Amino acid sequence: MPITRRQALAASGLALAARPAAAESFPSRAIRVIVPYAAGGTDQYIRSLQQSFAQALGQPVLIDSVVGGGGGIGANRVRTSAPDGYTLLFAGTAALTIVPRVQNLSYTTADFAPVCNLVSIPIMLAAKRGSRFGSMAEMLAEARAKPESITFGTPGIGSSPHLAGEATARAAGVKLLHVPYPGIAPAMTALLAGDIDLVFGAPGIIMPAVEAHGILPLAQTGGRRIASLPDLVTLREVGLDVDLATRFGFLAPRETPVPILEHLGSVFLRAAASPEYAEAMQRSYNEVLLMDRAQFAQALAEEDQLQARLIQELGIRSQ
C-alpha cells in the first residue's frame, strides 16, 4: 500500500539515523537526474522540490532533459551509467514497462533499482480548439464512420499515453492514427496549432491549455475521477474499459548500493511529504502517491506483467 506523509517522514528519520557507513560519504558531488522527455513536461513534478533535495543532500541536484524514443534514450543512458547514485532517472514507469518492448530495446525493468515513487496520474484525452466534435461520443461516432481520419498525439511510441490511445481505440472498436512526438509539450504545441485532432497526456500539461486556449477535455483514464477534475468523465463512464494510469518515480542503475538507494529515497520522500507539495500537485492536476523502495519495486513488477500482456493483445510494434 502507498505510504502516508507521516510514515514517509518517520521512515526518513529512521533511515538517516541508521544508514550504514557505506553511504556516509554520499553524496560528495552534484547528482544528475535525467528526465527522458522534453522540458516542460514530467520535469515539473520535481522542479519545485529541487532546492529541498539539494539542501537535504548537501549537493546540487541537476535536472537534465534527454529526449527521444518515448523515454527510452534517457532511460538507457541511466542504465549504462555508473551505479554510484550520481546519475538517476525520474520517469513514468512506461519508460521501463512499455518502451523497451515496443522498440526492441535491450533493457528491462531488471536493469534498474527503484528508489521511490512520487506521483500517479490518469491519462487525459483532449481535442483541439474549434474541433469538429464536442464530446467523446461525437468523436467516437466520427472515428467509426471514417477510420484513421482522426489523429492523436502522444509523447512517443510506447509511452503511457500512446498505450492509452491504442487501448481506447480498441475498446471503442475504432481506428485512430497515432502521431508520436518527443514529449508531451511538443504534442501540445501541435494540438494548439491544429496539426492533430487529439492529444493523450498528463492532465497537468493539458489543463493549462484548456483554460487558456480553449482546448476541449473529453475524458480521463483510471477507475475514478481525480479530485482536481471532478467534472471530467472517465472512459469507463462512457462505456470503455480502459483503466490505465502512470506512476512517476526515481530509479537508479541496477547495481547501485542499497544504502545509497535508501538514503536517496528517504530524502526524496521527505521532501515530497510536505503539504505544500501535495497542494501544488493538486493545483496542477496531479496526485501525490508516495511509495518507498520496496513498494515501488512491487508496483513496478506488477505493472510490467500487465503491460506485457496488453502490448501483446494490442499488437503494438515499433514504427
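See the structure printed just above.
One structure accompanies this document, and this report is about it. Just so it is clear, the structure is predicted and the values come from calculations on it, not from any experiment. (Residues numbered from 1 in each chain as written. Predicted model: local features only at pLDDT ≥ 70, side-chain atom pairs only at ≥ 80, totals over all residues. Heavy atoms only, no water.)

So, about the sheet that holds strand E11 (residues 287-291). Reading across the sheet, the 6 strands line up as E2-E1-E3-E10-E4-E11 and stay open at both edges, with mixed pairing between neighbours. Each end of this open sheet is capped by a strand with a single partner; those strands are strand E2 (61-65) and E11. Looking at each pair of strands side by side, their axes are set apart by 20° on average, direction ignored. Sheet topology note: the strand E4 (residues 112-122)/E11 ladder contains 3 bridges and is antiparallel. Along E11, the bridge assignment pairs Ser-120 with Glu-287. The strands that helix H11 (residues 258-272) touches are strand E1 (31-35), strand E3 (87-92), E4, strand E10 (245-253) and E11; relative to E4, the one it contacts most, it runs at about 20°. (Pairing = 2+ DSSP bridges. Helix = DSSP H or I, 4+ residues; strand = E, 2+ residues; numbered from the N terminus. Axes fitted to C-alpha atoms, helices over the stretch in contact; angles between N-to-C directions. Contact = heavy atoms within 4.5 Å.)

A water-sized probe, rolled over the atoms, reveals where empty space remains. The space that makes up the largest pocket amounts to roughly 510 Å³. For the largest pocket, the lining is made up of 21 residues, of which Ser-120, Leu-244, Ala-245, Thr-246 and Arg-247 are closest to its centre. Elements represented by at least two residues in the lining of the largest pocket include exactly E4, E10, E11 and helix H13 (293-314). Looking at which element gives the most residues to the lining of the largest pocket, the answer is H13, with 5 residues. When the residues that make up the lining of the largest pocket are grouped by side-chain class, the tally is 9 nonpolar, 6 polar and 6 charged. Approximately 160 Å³ is the volume attributed to the second largest pocket. Considering the residues around the second largest pocket, the lining is formed by Ala-167, Arg-170, Ala-171, Arg-236, Asp-241, Val-242, Asp-243, Leu-244 and Leu-310. When the residues that make up the lining of the second largest pocket are grouped by side-chain class, the tally is 5 nonpolar, no polar and 4 charged. (1 Å grid on protein atoms, 1.4 Å probe; cavity = no way out; pocket = protein on both sides within 12 Å on 5 of 7 lines; lining within 4 Å. Points joined across faces, edges and corners; volume = space filled by probe spheres on them. Nonpolar A, V, L, I, M, F, W, Y, C, P; charged D, E, K, R; others polar.)

A word on empty space enclosed by the protein. Tallied over the full model, the rule gives 1 cavity of 30 Å³ or more. There is about 210 Å³ of room inside the largest cavity. Contributing to the lining of the largest cavity are 20 residues, with Tyr-37, Thr-42, Pro-155, Pro-161 and Phe-248 lying nearest its centre. Among the secondary structure elements, those contributing two or more residues to the lining of the largest cavity are helix H5 (94-97), helix H8 (160-172) and E10. Each residue belonging to the lining of the largest cavity can be placed in one class, and the counts come to 12 nonpolar, 8 polar and no charged.

Under the defined criterion, the tally for this structure stands at 8 aromatic pairs. Ring centres of Tyr-107 and Phe-112 lie 5.6 Å apart, and the angle between their planes is 80°; this geometry places the pair in the edge-to-face category. Of the two residues, Tyr-107 and Phe-112, both sit in the buried class. The rings of Phe-53, Phe-90, Phe-250 and Phe-268 are connected pair by pair, giving a single aromatic cluster. (Phe/Tyr/Trp six-rings, centres within 6.5 Å; stacked < 30°, edge-to-face > 60°. Buried < 20%, exposed > 50% of the residue type's maximum accessible area, 1.4 Å probe, protein only.)

This next bit is on H11. For H11, spanning 15 residues, the distance from its first C-alpha to its last is 21 Å, which sits close to the expected 21 Å at 1.5 Å a residue. Taking burial as the measure, the 15 residues of H11 include 12 buried ones, the bulk of the element. Along H11, the residues that are buried comprise Pro-259, Ile-260, Leu-261, His-263, Leu-264, Gly-265, Ser-266, Val-267, Phe-268, Leu-269, Ala-271 and Ala-272. (Expected span 1.5 Å × (residues − 1).)

For helix H7 (residues 136-145), the set of buried residues is Met-136, Met-139, Leu-140, Glu-142 and Ala-143. Seen along its axis, H7 keeps its buried residues to an arc of 160°; they face one direction. When the buried face of H7 is taken as reference, the exposed residues oriented beyond 90 degrees from it are Ala-137 and Ala-145. In this structure, the buried side of H7 is in contact with strand E5 (124-127), H8, strand E8 (198-201) and strand E9 (216-220). (Arc of directions from axis to C-beta.)

This next bit is on the pattern of salt bridges. Per the stated rule, a full pass over the model turns up 16 salt bridges. The partner of Arg-132 in a salt bridge is Asp-197, with the nearest N and O atoms 3.1 Å apart. One end of the pair, Arg-132, is in the loop between E5 and H7; the other, Asp-197, is in the loop between helix H9 (184-192) and E8, and 65 residues separate them in sequence. By sharing partners, the salt bridges in this structure join Lys-128, Arg-132, Glu-142 and Asp-197 into a single network. (Salt bridge = Lys/Arg side-chain N within 4 Å of Asp/Glu carboxyl O.)

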